[in-house]
Amino acid sequence: VNSTATIPNSIGRDESARLATDTHGNFLAIWLSGDAPPGQTFNTTIVYAWSSDGGATWSDIAPVVPGELVQYSPDIAMNRDGVATLLWNDTGSFY
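Residues numbered from 1 in each chain as written. Predicted model: local features only at pLDDT ≥ 70, side-chain atom pairs only at ≥ 80, totals over all residues. Heavy atoms only, no water.

## So, the pairing of strand 5 (residues 71-78)
- Here six bridges tie strand 5 to strand 6 (residues 84-90), and the two strands are oriented antiparallel to one another. Bridge pairing in strand 6 places Asp75 opposite Leu87.
- Where strand 5 folds back onto strand 6 in an antiparallel hairpin, the turn is made up of five residues, including Gly82, whose phi is positive at roughly 90°. (Pairing = 2+ DSSP bridges. Helix = DSSP H or I, 4+ residues; strand = E, 2+ residues; numbered from the N terminus.)

## As for unusual backbone geometry
- Located in the positive-phi region is Ser16, a residue other than glycine, with phi close to 55°.
- With respect to the helices and strands, Ser16 occurs in strand 1 (residues 13-21).
- Looking at Ser16, the relative accessible area reads 30%, which means it is partly exposed. (Buried < 20%, exposed > 50% of the residue type's maximum accessible area, 1.4 Å probe, protein only.)

## Things to note about the environment of Ile30
- Positionally, Ile30 belongs in strand 2 (residues 27-35).
- For Ile30, a relative accessible area of 1% corresponds to the buried category.
- Distance from Ile30 to Ala20, taken between C-alpha atoms, is 8.8 Å for residues ten residues apart in sequence.
- Beyond its immediate chain neighbours, meaning those up to four positions away, Ile30 contacts Ser16, Ala17, Arg18, Ile46, Val47, Tyr48, Pro74, Asp75, Ile76 and Leu86. (Contact = heavy atoms within 4.5 Å.)

Quick look at the structure:
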């Protein structure tokens, strides 16, 4: 992985990064990202970016699930064929 590669569109405080790869050199990164204007509550969203060249370059960042919920505790697994499973918690209602 190119540890000096930059991920475009970073939107603030980033933490809890998880990285998964398959046997074809594809990488998927997910992490907690958030921002809060002064005096407002810090909200977090799980975001992702992917690389298909072994980590040399990365896609733009996008939310896994857009919305107003506070999301946290991201995790990821990817099988050898590139099928990914993402897990996280959020502050939504349970039905």
